[in-house]
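Descriptive analysis of the structure
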Amino acid sequence: MSGADSAPKIADRGDDSVRWWGSFSIDADSVLRWRVGPMRMWLARTDREWRVAHERGSDPFESALEAAELCRDGCESSPGAVRVRFGFRSTTDMFRVLPALPDRALIVRPEEPIHLPSGEESILFISIPLWIGIHTGAPSTPLYETPIFRPSDTWFGPPTVAGGSCYASGTRARSSLEDLALLPQRAVSVVRILNHADSELPLERIRLPSPNLSLFASQDGQLWTEAVTLERKEDGQSASIDLERGPSGEIGPTELLVEPREPMERGLLMRAFDGLF
Amino acid sequence: MRLTVFSRWIPMNEWLRSLGIGEWFSAEQAVILLQAVITLVVGLVLARLVSSGVGRFLASRTTRQASTLARRMTLYVLVVLVAASAVHQLGFKLGVLLGAAGVLTVAVGFAAQTSASNLISGLFLIAERPFVLGDIIRVSDITGEIHSIDLLSVKLRTFDNLYVRLPNEELIKSRITNLTHFPIRRKDVQLGVAYKEDLSKVKAILFELADRNPLCLDEPAPLFIFQKFGDSALELQFSVWALRENYLELNNNIQQEIKQAFDERGIEIPFPHRTLYAGSATEPFPVRVVDR
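As the structure is a computational prediction, the values presented were derived from the model and not from experiment. (Residues numbered from 1 in each chain as written. Chains lettered and ligands numbered in written order. Predicted model: local features only at pLDDT ≥ 70, side-chain atom pairs only at ≥ 80, totals over all residues. Heavy atoms only, no water.)

1. A word on the domain arrangement of chain A
Residue and element names in this part refer to chain A. Just so we agree on the cut-off: Each domain's limits were defined by an automated method or a database of domain assignments. In what follows, residue pairs with any heavy atoms lying within 4.5 Å of each other are defined as contacts. Each of two parts loses accessible area, computed with a 1.4 Å probe, when they are put together; buried area is these two losses added. Take a side-chain nitrogen of Lys or Arg and a carboxyl oxygen of Asp or Glu: if they are within 4 Å of each other, that pair is a salt bridge.
According to the domain assignment, chain A consists of domain 1 (4-99) and domain 2 (103-130 + 151-274). One C-alpha centre belongs to domain 1, the other to domain 2; they are set 31 Å apart. Taken together, the contact between domain 1 and domain 2 spans 17 residues of the former and 17 residues of the latter. Both sides together, the interface formed by domain 1 and domain 2 hides about 1200 Å², and carbon and sulfur atoms give 64% of it. Taken together, the connections running from domain 1 to domain 2 amount to 0 salt bridges.

2. With respect to the packing of helix α7 (residues 199-212) of chain B against helix α8 (residues 247-265) of chain B
Residue and element names in this part refer to chain B. Rules: Fitted lines through C-alpha atoms give the axes, limited to the stretch in contact for helices. The angle between two N-to-C directions lies from 0 to 180 degrees. Numbering goes from the N terminus for both helices and strands, where a helix is a DSSP run of H or I of at least four residues and a strand is a run of E of at least two. If an angle is under 35 degrees, it is roughly parallel; if it is over 145, roughly antiparallel; if it lies from 65 to 115, roughly perpendicular; otherwise it is oblique. Helix crossings get a hand from a simple test, with the near helix turned counterclockwise from the far one by less than a right angle marking a left-handed crossing and a clockwise turn marking a right-handed one. The residue classification treats Ala, Val, Leu, Ile, Met, Phe, Trp, Tyr, Cys and Pro as nonpolar and Asp, Glu, Lys and Arg as charged. All others, Gly included, are polar.
As a packed pair, α7 and α8 sit with axes 10 Å apart at the nearest point and diverge in direction by 135 degrees. As far as their axial angle goes, α8 and α7 are oblique. Once α7 is placed against α8, the crossing between them reads as right-handed. From α7, K201, V202, I205, L206, E208, L209 and A210 reach across to α8, where they touch I254, E257, I258, A261, F262 and R265. For the contact of α7 with α8, a count of residues per class yields 9 nonpolar, no polar and 4 charged.

3. A closer look at the confidence of the model for chain B
This is how it is decided: Confidence scores per residue from the predictor, reported as pLDDT, run from 0 to 100.
Predicted confidence across chain B gives a mean pLDDT of 86, with 92% of residues reaching 70 or more. Listed scores for the predicted complex are pTM 0.75 and ipTM 0.82.

4. Quick look at helix α3 (residues 64-89) of chain B
All names here are of chain B. Condition: Here the expected length of a helix is defined as 1.5 Å per residue gap, with one fewer gap than residues. Exposure is judged per residue with a 1.4 Å probe applied to protein chains only, and the accessible area is read against the type maximum: over 50% gives exposed, under 20% gives buried, and values in between give partly exposed.
Between the first and last C-alpha of α3 there are 37 Å, a value that for 26 residues agrees with the 38 Å anticipated at 1.5 Å per step. Every buried residue of α3 is listed here: Q65, S67, T68, A70, L75, V82 and A86. Packed against the buried residues of α3 are α2 (27-59) and β2 (142-149).

5. A closer look at unusual backbone geometry
Put simply, A138 of chain A and P139 of chain A share a cis peptide bond, and its omega is 0 degrees. E219 of chain B connects to P220 of chain B through a cis peptide bond whose omega is -5 degrees. Positionally, P220 of chain B belongs in the loop between α7 and β7 (223-229). Phi is positive for S140 of chain B, which is not a glycine, with a value near 45 degrees.

6. Focus on the sheet that holds strand β12 (residues 141-147) of chain A
Residues and elements named next belong to chain A. Our working rule: Whether two strands pair comes down to DSSP finding at least two bridges between them.
Judged by pairing direction, the sheet is antiparallel, and its 4 strands sit side by side in the order β1-β7-β11-β12 without closing on themselves. Here the strands that pair on one side only, and so sit at the sheet edges, are β1 (22-25) and β12. Averaged over all adjacent pairs, the angle separating strand axes in this sheet is 25 degrees, with direction ignored. One ladder, built from 6 bridges, connects strand β11 (residues 131-136) with β12; its direction is antiparallel. The partner of I134 across the bridge, within β12, is Y144.

7. Points about the interface of chain B and chain A
Where we set the bar: N or O atoms closer than or at 3.5 Å make up a polar contact, with two conditions inside protein: a donor-capable atom paired with an acceptor-capable one, and, for residues adjacent in sequence, both atoms drawn from side chains.
Contact residues are listed per partner, giving 13 residues for chain B and 16 residues for chain A. It is P183, P214 and E219 of chain B that lose the most area in chain B upon contact with chain A, and together they represent 47% of the buried surface on that side. Joining chain B to chain A, the criterion identifies 2 salt bridges. Taking the shortest distance from any N to any O, the salt bridge between E219 of chain B and R205 of chain A comes out at 2.9 Å. There are 9 residue pairs in polar contact (both at pLDDT 80 or more) connecting chain B and chain A. Taken together, the residues of the side of chain B that touches chain A break down into 9 nonpolar, 2 polar and 2 charged.

Structure, rendered in structure tokens:
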């Protein structure tokens, strides 16, 4: 549906995969459409307003992907779509669409519980649901953000203590990357778990602090977070989380796309063992 | 404070006499009275300003309840100080007054038993903190949001916007349910399905609904409980957890979704049944169909 005379300008990445994120431009009184997984999003601009509409399908693992298709007759948003309008003194044609990680921690379970003997390590590949964000103006400021598919609420910790509200990841953590379905609406996080304590570590669930992670894009258009290391300390009661500077080297060259929502100091962060496992 | 008589007081004395109150007040006494009144007025205004300043300072640093309490305590202490200072200016000796108050207290105490009890109960409630400002509590049949916690009573705002005053004495003695104390809540859906239904199929449908609903927490996991073989139906309980703020929405959503799913899959929720037997071997009841 894109016309050759007004093709959207997408930052050139040197290969063919479609990227739904990046810098785009839109003429006044025209509408661009995105399809990312189950989400369909429409973006329109007038001289004094930005308008966003979106609706979601029911299958979180739908793999549709279209970016910035110019919307002509017959592709308007349906009446059930969510619509938001933003008023401005004047609008400019440039805008950015960026992915974002969830605003709460993510609870992930391995396919089956893994038991880590003392001194051993395990590597898990985790798929994280993404948010889609629109940033307008120069310098670009966040305009609107919404999850591509609303993950299920879940709770981590005792039911009597506040602060345990998290999202469920929706997929299982896998032991090999090949088993993980790579989808445009999900980023991948590689988590290494080390058990330094004397006793065995039963791994039934992990709490991944998504608001502290960054997003990187590899050359094939897949989104990654930096590599994460979770260590259970010798005393068996405390654990630490360590973030690398970027995704692990096997993935190839990546570029930083989005900073963390809440930065965490690089290096060790001591937490109670119950806070991570 | 003793005033020496200056010559310029004399015209003032004459003015007061001309007003007709010269016999009761001399100029010195009038000035002392005026001073006391000014002390009182200025002191009360200052007390108000200081206490609201304290409240504002603490509002961003502590809970709403703590800052309201601090503001009130500051105001009461300052008002008492201002009143004592004004009384002292008038020339009354505070020691004598307090002595007299001691005797009065016994008399007033008998009369004010209920108020005193409410006051003490209030202090215990504040110390124990079964609820704080903004919590939603249920006391006997009244449910409402805590509007204010005062010396003698707690004020509630019910959901239909009525104002309820609960004496502290009653609260300390009775059972209070705080609906917003813990961060997550469980909704127990009681339902019955017809005896002919396959329970494992019903269970699968219910768990699938809970899984699809984003407000329903994955953990703690939903719970399926078989209650009993009821008179008319198999009585089940399906319990789902939600974040406290989403409780009402989940309550409505999940029950609506259950009804819809049961309708789509042909699961019957039966009306109460009564089976009629006329004896151990009953003949079929005769039925005549009438065309209307």
